[in-house]
Amino acid sequence: MDFKYDVIVIGAGHAGCEAAAAAANLGSKTCLITMDMNKIGQMSCNPAVGGIAKGQIVREIDALGGYMGLVTDRTAIQFRMLNRSKGPAMWSPRAQCDRGKFIWAWREVLENIPNLHIWQDTVEELLVEDGAVTGVQTCWGVTFRAKCVVLTAGTFLNGLMHIGHKMLPGGRCAEPASYHLTESITRHGVVAGRMKTGTPVRIDARSVRFDLMDTQDGENDFHRFSFMSEPRRLKQLQCWTCFTNEEVHEVLRSGLADSPLFNGQIQSIGPRYCPSIETKIVTFPDKPQHQLFLEPEGETTRELYLNGFSSSLPMEIQIEALKRIPCFRELVVYRPGYAIEYDYFDPTQLRHTLESKVIKNLFLAGQVNGTTGYEEAGGQGIVAGINAHINCHGGGPFVLGRDEAYIGVLIDDLVTKGVDEPYRMFTSRAEYRILLRQDDADMRLTERAYRIGLAKQDRYDWLCRKRDAVSRLIKFAETYSIKADKINDAMDALGTSRLSHGCKLIDLLGRPQITVENIAPYVPAFRAELEKIEANKEEIIEAAEVQIKYKGYIDRERMIADKIHRLESIHIRGRFDYANLQSLSTEARQKLVKIDPETLAQASRIPGVSPSDVNVLLVLLGR
């Protein structure tokens, strides 16, 4: 081994796995360095992938040629499509996974990618010469040379775990933290901070009274995470729900004096949208109960994850509080919950490619950028891996727009607005969410990935077949005429108003009571058209139906996005000395100097830059 690579990826979490796979699949000689090869793709907290907006990100990773969707489908033990009662912009896939099988599925993927090596070691120092990264040095004394480095260290950088007054160094339970690496980066001018996250108790299923809980079943229809997946392989399992009560809250309150979150032991900010149970009872003192979700950790294991009960309270308080819930009277746990503090780096010091503005050819992805969640990490990882390869071999930067992908929204938010708490993706963060649906991620992204060589021929061929099939269905619906006297009995049966005159089939499909499935038996020609679809029939029908029913909303949002693109095309980096533009507000001058936006559109999204400030820049550009 000569220890010389195009791309080195530090950390084999969800960001690191996607980054390494992307760079290697594009042709870069890549090395993935991890502390423990048996923890590749470890699900440190909840053994689940997806959720609101997060599921869309996973489908985007898959559409680009990444692996999170494939690995999730292969190891899923329960699948659900969330928000089905709302419009398709809100539909979000989510799956419970077998934690152990997830790791080994990822390892199998990575070990079979040409150009990708794996090295078990801990990186202690980033090597930089003349403002550009040249490699890394490990605790075993090995020096790796590389053209680009992608840092995806998760919660391991100076990680410190808290359970009550007890503090232990570590990146995860029973795993060591990484030291010195943060300092080797900040000495070059990269700004670091501290954040906090947490995880709940793990429960022995043999001690639970499931008969005192409500069940939460999964779905077993055609939906998957990957556009290329086969049917799920593993046994599909139940989840369960229960609630806390006032007795539980009273026990929790008795331990607040020993809570690291409230006694000053933890100074950093935790995730707003996934608070600890002690934060919930303090923030919402009048709420008599909080819902908890009990979820399996694997297909055959007895270990269960208690979603909604993250805590860093003393172990005895956690257990005593849970025993006040009827289903947990005889509770036995595998380990208590804990909080963890870790280093992150200011993401406003990154470009949209996720390359550092301070150290050339250094890319950062995942929780080191101040995000939370496997999905947000994976989305950043694949973009960082692609751009690291491009930096090595040439080509234009690979950047996703806010109207192209939730990944684009995520990265633009990070580099434009920065973070003051762990960032979590929601559909509400996207101004074009009707364009960013889970059903059309392949339509949006696969062709772009195919052009750079990441999406392979089989994926592109499937996209073309799907796109053609969807177009044929829509065209048929637009041109096929329906006669009132032939269809009105069906209108009565389907609970919608009768026709007074003929119309096109597409007009009927626009009605909320009518679907492709329930109208097809009454329109033989349409039924025949559906029968021509040879593969993935349900997915194609869903994609076509969404486009038909929501065409007006989709067209309107696309028009708005196209207008914003005019600002995206106005490049301003290097054209202004913001500090001396007195016509701008003081806050705008400060923020523009700090962010140094690439385009006028990005400048308009910076908090503190008002529309009048943007108009000033437009006027100056006109001059």
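Residues numbered from 1 in each chain as written. Predicted model: local features only at pLDDT ≥ 70, side-chain atom pairs only at ≥ 80, totals over all residues. Heavy atoms only, no water.

A.B. asks: Can you help me understand the overall build of the protein in this one?
C.D. replies: Secondary structure assignment for the protein yields 21 helices and 21 strands. Computed over C-alpha atoms, the radius of gyration of the protein comes to 26 Å, within 12% of the 25 Å expected from 2.2 N^0.38 for 623 residues, which places it in the range of a compact globule. On the principal axes, the C-alpha backbone points of the protein span a range of 80 × 70 × 55 Å. Put simply, the protein has 623 residues, and 59% of those count as buried. The contacts of the protein with a sequence gap of at least 6 include a subset with a gap of at least 24, amounting to 72%. Here the protein carries 76 positive and 79 negative side-chain charges, and the mean point of each set is 3 Å from the other. (Helix = DSSP H or I, 4+ residues; strand = E, 2+ residues; numbered from the N terminus. Rg over C-alpha atoms; globule rule 2.2 N^0.38 Å. Buried < 20%, exposed > 50% of the residue type's maximum accessible area, 1.4 Å probe, protein only. Contact = heavy atoms within 4.5 Å. Lys, Arg positive; Asp, Glu negative; His and termini not counted. Charge placed at Lys NZ, Arg CZ, Asp CG, Glu CD.)

A.B. asks: For this particular structure, what's the right way to read the packing of aromatic side chains?
C.D. replies: What characterises a pair of aromatic rings is the spacing of the ring centres plus the angle enclosed by the ring planes. One pass over the structure, following the stated rule, counts 13 aromatic pairs. A centroid spacing of 6.2 Å and a plane angle of 45° characterise the contact between Y550 and Y553, whose relative ring orientation is tilted. The class of Y550 is partly exposed, set by a relative accessible area of 25%. One aromatic cluster is present, formed by F3, Y5, W119 and F144 through successive ring pairs. A cation sits over an aromatic face here: K29 above Y5, 4.9 Å from the ring centre. (Phe/Tyr/Trp six-rings, centres within 6.5 Å; stacked < 30°, edge-to-face > 60°. Lys NZ or Arg CZ within 6 Å of the ring centre and 35° of its normal.)

A.B. asks: What exactly am I supposed to notice about the nonpolar core here?
C.D. replies: Side chains of a nonpolar character, in soluble globular proteins, are inclined to be buried together. If you look at the biggest cluster of nonpolar residues, it comprises 144 residues, and the most contacted ones within it are I8, L110 and F526. The greatest single-element share of this core, amounting to nine residues, is contributed by helix α9 (residues 374-393). (Core = buried A, V, L, I, M, F, W, Y, C linked by side-chain atoms within 4.5 Å.)

A.B. asks: Just checking my understanding: could you explain the packing of helix α1 (residues 14-25) against α9 for this structure?
C.D. replies: The description of two packed helices rests on the angle between their axes and on the distance between the axes. The contact between α1 and α9 brings their axes to 7 Å, and the two run at 30°. Taken together, the axis directions place α1 and α9 in an arrangement best described as roughly parallel. α1 and α9 meet at a crossing whose hand is right-handed. Listed contacts from α9 to H14, A15, E18, A19, A22 and A23 of α1 are Y374, A377, G378, G381, I382, G385, I386 and H389. The class makeup of the residues in the contact of α1 with α9 is eight nonpolar, five polar and one charged. (Axes fitted to C-alpha atoms, helices over the stretch in contact; angles between N-to-C directions. Parallel < 35°, antiparallel > 145°, perpendicular 65-115°, else oblique. Left-handed = near helix turned anticlockwise from the far one by under 90°. Nonpolar A, V, L, I, M, F, W, Y, C, P; charged D, E, K, R; others polar.)

A.B. asks: I tried to follow unusual backbone geometry on my own but got confused; where do I start?
C.D. replies: For residues other than glycine, phi is negative in most cases, and the peptide bonds are mostly trans. The residue H180 is not glycine, and still its phi comes out positive at about 80°. Along the chain, the position of H180 falls in the loop between β11 (166-169) and α5 (181-186). Assessed through its relative accessible area of 48%, H180 is described here as partly exposed. The phi dihedral of N536 is positive, around 50°, even though this residue is not glycine. Mapping N536 onto the fold places it in the loop between α16 (524-531) and α17 (537-549).

A.B. asks: Looking at this structure, how should I read the sheet that holds strand β4 (residues 76-82)?
C.D. replies: The strands making up a sheet are joined through hydrogen bonds of the backbone, oriented either antiparallel or parallel. If you trace the three strands from one edge of the open sheet to the other, you get β3-β5-β4, paired in antiparallel fashion. A strand with exactly one partner marks an edge of an open sheet, and here the two such strands are β3 (48-50) and β4. Neighbour-to-neighbour, the strand axes of this sheet turn through a mean angle of 15°, independent of strand direction. The pairing of β4 with strand β5 (residues 92-97) spans six bridges and is classified as antiparallel. Looking at β5, one finds that L82 is bridged to S92. (Pairing = 2+ DSSP bridges.)

A.B. asks: Just to check I follow, could you spell out the environment of K417 for this structure?
C.D. replies: Here K417 is to be found in helix α10 (residues 406-417). For K417, a relative accessible area of 41% translates into the label partly exposed. Linking K417 and K591, residues 174 residues apart in sequence, is a C-alpha distance of 9.4 Å. Each residue touching K417, except ones within four places of it in the same chain, is listed here: T348, D412, R605 and P607.

A.B. asks: Quick question: what am I supposed to make of the pattern of salt bridges here?
C.D. replies: Pairing of side chains with opposite charge becomes possible as their charged atoms draw close. The final tally for this structure, using the stated rule, is 45 salt bridges. Close ionic contact of K54 with E375 constitutes a salt bridge, the shortest N to O distance being 3.4 Å. Here K54 is found in helix α2 (residues 54-63), whereas its partner E375 is found in helix α9, with 321 residues between them in sequence. When sorted by exposure, K54 lands in the same class as E375, which is buried. Beyond isolated ion pairs, a larger network of salt bridges with shared partners links R402, D412, D413, K417, E431, E568 and R605. (Salt bridge = Lys/Arg side-chain N within 4 Å of Asp/Glu carboxyl O.)

A.B. asks: Looking at this structure, I do not really get the state of the cysteines. What am I missing?
C.D. replies: Here the structure, examined in full by the defined rule, presents zero disulfides. The thiol sulfur of C139 is not disulfide-bonded, and the nearest other cysteine sulfur, from C31, lies at 14 Å. Looking at the unpaired C173, the closest cysteine sulfur is the one in C45, lying at 12 Å. (Disulfide = S-S within 2.5 Å.)

A.B. asks: Would you mind showing me how to read the environment of V609 here?
C.D. replies: Mapped onto the elements of the fold, V609 is located in the loop between α20 (600-604) and α21 (611-622). Assessed through its relative accessible area of 8%, V609 is described here as buried. Spatially, the C-alpha atoms of V609 and S585 are 8.0 Å apart, while their sequence positions differ by 24 residues. Those residues in contact with V609 that lie beyond four places of it in its chain are A588, K591, L592, A603, S604 and V614.

A.B. asks: What is the right way to look at helix α6 (residues 246-254) in this model?
C.D. replies: Since the α-helix advances by 3.6 residues per turn, residues separated by three or four positions end up pointing in the same direction. Buried within α6 are the following residues: V248, H249, V251 and L252. Down the axis, α6 shows its buried residues gathered within 160° of arc, on one side only. The elements touched by buried residues of α6 are α7 (277-283), β16 (303-310) and α8 (315-322). Looking at where α6 begins, the residue whose side-chain oxygen comes 3.0 Å from the main-chain nitrogen of E247 is N245. (Arc of directions from axis to C-beta. Polar contact = N/O pair within 3.5 Å; in protein donor to acceptor, adjacent residues only side chain to side chain.)

A.B. asks: I would appreciate a short explanation of the side chain of D98 in the present structure.
C.D. replies: You can see D98 is positioned in the loop between β5 and α4 (99-111). If sequence neighbours within four positions are ignored, D98 has contacts with T75, I77, L234, E297, G298, E299 and T300.

A.B. asks: I would appreciate a short explanation of the pairing of strand β2 (residues 30-34) in the present structure.
C.D. replies: Note on strand geometry: in a regular strand, side chains alternate between the two faces of the sheet. For β2, a buried count of five out of five residues is recorded, marking the element as mostly surrounded by other parts of the structure. Of the two faces of β2, the one carrying T30, L32 and T34 and the one carrying C31 and I33 are both buried. Examined bridge by bridge, strand β1 (residues 4-10) and β2 share four bridges and lie parallel to one another. Opposite V9, over in β2, you have L32 as the bridge partner. Bridge count between β2 and strand β6 (residues 116-120): five bridges; the pairing is parallel. Bridge pairing links I33 to W119 in β6.

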